[in-house]
Amino acid sequence: MADDTYSYHLNQSVISHKNDTFTRLISEDRTKKLELLKHLLDHSSHPLVICGPEGIGKSLLLKVLQERPMAKWSYCTVANPADLSFEKLQLFIMQAINQNSTNRQSSSFSDLLQQLNRQHKKLILMIDEAGFLIPGLINQIIMLAKQYSALRVIFVLTHHELELKNSSDTTINEASLIEIPALSELQCTQFLYQMASAPQSTFTINDINDHFISAIYQETQGIPGLIASKFPKNNNVQNNIKSLKQLILAVITLIILALCTQWYSNSNYNINRIAVKEGIDAAINKSSLIE
């Protein structure tokens, strides 16, 4: 991996006004990784690799990045790269540029990226689960990013996938590595309290104690995805809301049917009254004629 030749210091004030981001990324260490990612995208032309085990929060980091828009940045996300070819990738990139461009005229791939460069804009190409890319494609993508300075590339890989790609796509060694750290036991505790406070949690704050925390931490090694998988969300709340909606709909339907029935009955009664009255009037008139 390319060594960064500068030291990057995160100003603590950056975190203080981003409570929501901090909560979602769980820890300050992981929030710093987001700020480092933004810094590298803005100041380095190296491709980037976000690395860590399954469930560590690599995809979440990319999601939070996209939710904090930058004026000169647009994003192109590839979520299912298994059947991706270089030609398909170019089409994805062109579509992403055209979606964010006021100029809808058709242009070539090269023209679109050169136009971004003239406008001092960047397209962030994010490839999740990059381990599924066909051998050699990472090399092509990195060479493409070298050719067009407006293109920034992020690959998401596990450590095992990165090791495999080091053999098949040697240019991956040029990438800057951002490793997502596991939670410490204290951070695991904070995460458990955060989960227990959620409306659909299957456990409560009262369930959390030293033994509970220690058992969860040892079993999951501080990987948030594994921790969350131990406590699937309780769907009873959603089911209750759905049942209540169905009950309300049923009551409304019955009321409408009752009103319609009453209206129909009243209509028949009025029709019968009119018919009887007309019959009486006819009989009276006939009697008058006989007299």
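Here the structure is shown first, and the text comes after it.
Everything quoted here is computed from the prediction, not taken from an experiment.

K.L.:
Explain the pattern of salt bridges here, please?
P.N.:
Close approach of charged atoms lets side chains of opposite charge pair. Tallied over the entire structure, the rule returns six salt bridges. The residue Arg68 makes a salt bridge to Glu35 at a minimum N-O spacing of 3.1 Å. Highlighted residues: Arg68 in the loop between helix H4 (58–67) and strand S2 (73–78) and Glu35 in helix H3 (residues 28–43), separated in sequence by 33 residues. The burial state of Arg68 is the same as that of Glu35; both residues are buried. For Glu219, the salt bridge identified is with Lys230, shortest N-O distance 2.4 Å. Here Glu219, found in helix H10 (residues 210–220), pairs with Lys230, found in the loop between helix H11 (224–229) and helix H12 (236–290); they are 11 residues apart in sequence, far enough to count as distant.

K.L.:
Which parts of the structure should I look at to understand the environment of Ser184?
P.N.:
Its location among the elements puts Ser184 in the loop between strand S5 (176–179) and helix H9 (185–196). Take Ser184: its relative accessible area is 29%, and that puts it in the partly exposed class.

K.L.:
Sorry, what's going on with the sheet that holds S5 here?
P.N.:
Overall, parallel pairing links the five strands, which are arranged S2-S3-S4-S1-S5 in an open sheet. In the strand order of this sheet, the two ends are held by S2 and S5, each with one partner. Strand-to-strand, the axes of this sheet are offset by a mean angle of 20°, without reference to chain direction. Pairing of strand S1 (residues 48–51) with strand S4 (residues 151–157) involves four bridges; the strand directions are parallel.

Cut-offs and rules
- Counting restarts for each chain: residues are numbered from 1 in the order of the written sequence.
- With the structure being a predicted model, the display of local features is reserved for residues of pLDDT at least 70 and the display and counting of side-chain atom pairs for 80 or more, all residues being used for whole-chain, interface and lining totals.
- Neither water nor hydrogens contribute to the side-chain values; these are computed over all heavy atoms in the structure.
- Should a side-chain nitrogen of Lys or Arg be within 4 Å of a carboxyl oxygen of Asp or Glu, the pair is scored as a salt bridge.
- Here a strand is any run of E in DSSP of at least two residues, a helix any run of H or I of at least four, and the numbering for each starts at the N terminus.
- In this scheme, a residue with accessible area under 20% of its type's maximum is buried, one over 50% is exposed, and one in between is partly exposed, where area comes from a 1.4 Å probe on protein chains only.
- In short, DSSP must find at least two bridges between two strands for them to pair.
- Fitted lines through C-alpha atoms serve as axes, helices being fitted only where they are in contact, and the angles separating the N-to-C directions of these axes extend from 0 to 180 degrees.

Function cannot be read off these values alone, since they describe shape.
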